[in-house]
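Summary of structural features
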Amino acid sequence: MTVRVGVLGATGAVGQRLIQLLDPHPSFEIAALTASDSSAGRSYRDAAKWRVDSPIPADVADMTVQATEPNSVPDDVDLLFSSLPSSVGAEVEPDFCKAGYVLSSNSSNARMDADVPLVIPEVNADHLDLLEVQRDERGWDGAMVKNPNCSTITFVPTLAALAQFGLESVHVSTLQAVSGAGYDGVTSMEIIDNAIPHIGSEEDKLETESRKLLGEFDGASLTENSVEVAASCNRIPTIDGHLENVWVETEEEISADDAAAAMESYPSLELPSSPDPLIHVFSEPDRPQPRMDRTLGGGMAIAAGGIRESPFGLQYNCLAHNTIRGAAGASVLNGELLLENGYL
Ligand code: 11C
């Protein structure tokens, strides 16, 4: 079955990654592209400053970019991937859902809404059933599923692997690539030869999204996980790949070997974009590394290393490709989950 899909915010950094991952794709065919009013009416080739590491797919290059409004998208498009700026997403995404479209959105608006599934398929695919609650409460013909922030996606699967030992508290410190800040980040010379100990509302996102992702859904409502999470977020001059240092305290004592085994054996899924294994564990002291490990599993896997016991609990590092696993690939995976579960 081929599903016709659209990309909202197609000219941005994540929109470009979405196009790269969707063309070709075994289940999805790109049939609509939208962007800001200044891009609408232009060919995608002209409107996008294409920066990803493969050519623009020929059929997409010639497509005309439309304004980001429901009337611009053909009715036979069933699924929309959204990478809109969050302020725009907050305004227009509900209009698309009202108009009957199913959204798999990377935009940060509405991630913490009680009836919006925030999903990493390998971690909490069951939260997708929140869509029944969403339909009852909002009366939409369409639906909205979100993926978390790229830094959240990098460390939460490792916590899910350790959850069997009883998570009590987590401290995470990030070293985040400039592509997380979109075009402005990649092209800004201010970041070169610099490290900045602040990224907008990033710390709050890691702390709240992780508890929602690890929460329990009983069929009617979601109870967030009680694990305490403290995050500090830093920008470093790397193009792609967020590296994170994590300290975890668990109810049961956990050895480094137990933790490595739990991460290595953490199950993946059989969705087209889900990597196997999901988590690669390295024992070399200088791994994971942003350039070497960010492309594992086509950019969809997570690298973990430096696992050791410390006075502050288990300590380790983890890394993921922020615009693939952390953003565009995360949305595509949620689209695949929606398809598998009959929502399209
Ligand atoms: C960054 N993680 O690296 C951010 C970008 O919540 O989706 C992604 C923001 C988000 O700056």
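This write-up is about the structure you can find in this document. (Residues numbered from 1 in each chain as written. Predicted model: local features only at pLDDT ≥ 70, side-chain atom pairs only at ≥ 80, totals over all residues. Heavy atoms only, no water.)

1. Brief notes about the sheet that holds strand β2 (residues 28–35)
Note the threshold: Strands were regarded as paired on the criterion that DSSP finds at least two bridges between them. A run of H or I in DSSP becomes a helix once it reaches four residues, and a run of E becomes a strand once it reaches two; helices and strands are each numbered from the N terminus. Residue contacts are defined here by distance: any two heavy atoms, one from each residue, within 4.5 Å place the two residues in contact. For helices, the axis comes from a line fit to the C-alpha atoms of the stretch in contact; other axes are also lines fit to C-alpha atoms, and the angle between any two N-to-C directions lies between 0 and 180 degrees.
The strand order β3-β2-β1-β4-β5-β6 describes an open sheet built from 6 strands, whose pairing is parallel. Here the strands that pair on one side only, and so sit at the sheet edges, are β3 (66–67) and β6 (143–146). Examined bridge by bridge, strand β4 (residues 79–82) and strand β5 (residues 102–105) share 4 bridges and lie parallel to one another. By the bridge assignment for β5, Leu 79 is matched with Val 102. Where helix α12 (residues 324–340) meets the sheet, its contacts fall on β1 (3–8), β2, β4, β5 and β6, and the angle it forms with β5 comes to roughly 145°.

2. Quick look at the packing of helix α1 (residues 13–22) against α12
Between two packed helices, the angle of one axis relative to the other and the distance separating the axes together describe the packing. Put simply, the test is: For classification purposes, angles smaller than 35 degrees are called roughly parallel, those larger than 145 roughly antiparallel, those between 65 and 115 roughly perpendicular, and all remaining angles oblique. What makes a crossing left-handed is the near helix being turned counterclockwise from the far one by less than a right angle; a clockwise turn instead makes it right-handed. For this scheme, ten residues count as nonpolar: Ala, Val, Leu, Ile, Met, Phe, Trp, Tyr, Cys and Pro. Four count as charged, namely Asp, Glu, Lys and Arg, and the remainder, Gly too, count as polar.
α12 packs onto α1 with a crossing angle of 55° between their chain directions and a minimal axis gap of 9 Å. With respect to α12, the axis of α1 lies oblique. In the crossing of α1 with α12, the sense of the turn from one axis to the other is right-handed. Within the contact between the two elements, α1 uses Val 14, Arg 17, Leu 18, Leu 21 and Leu 22 and α12 uses Ile 324, Ala 327, Ala 328, Gly 329, Ser 331 and Val 332. Residues belonging to the contact of α1 with α12 are distributed by class as follows: 8 nonpolar, 2 polar and 1 charged.

3. Here's the deal with the pattern of salt bridges
Rules: Every case where a carboxyl oxygen of Asp or Glu lies within 4 Å of a side-chain nitrogen of Lys or Arg is listed as a salt bridge. Three exposure classes are used, based on accessible area relative to the maximum for each residue type with a 1.4 Å probe and protein chains only: buried under 20%, partly exposed in between, and exposed over 50%.
Counted under the stated rule, the structure contains 12 salt bridges. Linking Arg 17 and Asp 53 is a salt bridge whose minimum nitrogen-to-oxygen distance equals 3.2 Å. Pair noted here: Arg 17 is in helix α1 and Asp 53 is in the loop between α2 (44–47) and α3 (58–61), with a separation of 36 residues, a long-range link. Judged by its relative accessible area of 5%, Arg 17 falls in the buried class. Since its relative accessible area comes to 63%, Asp 53 is described here as exposed. Salt-bridge contacts for Arg 325 lead to Glu 122; the nearest nitrogen and oxygen are separated by 2.8 Å. Residue Arg 325 is found in helix α12, and its partner Glu 122 is found in helix α5 (residues 121–124); the two are separated by 203 residues along the sequence. Judged by relative accessible area, Arg 325 falls into the buried class, the value being 1%. The exposure class assigned to Glu 122 is buried, which follows from its relative accessible area of 6%. Among the ionic contacts, a cluster of salt bridges with common partners joins Arg 17, Asp 53 and Asp 240.

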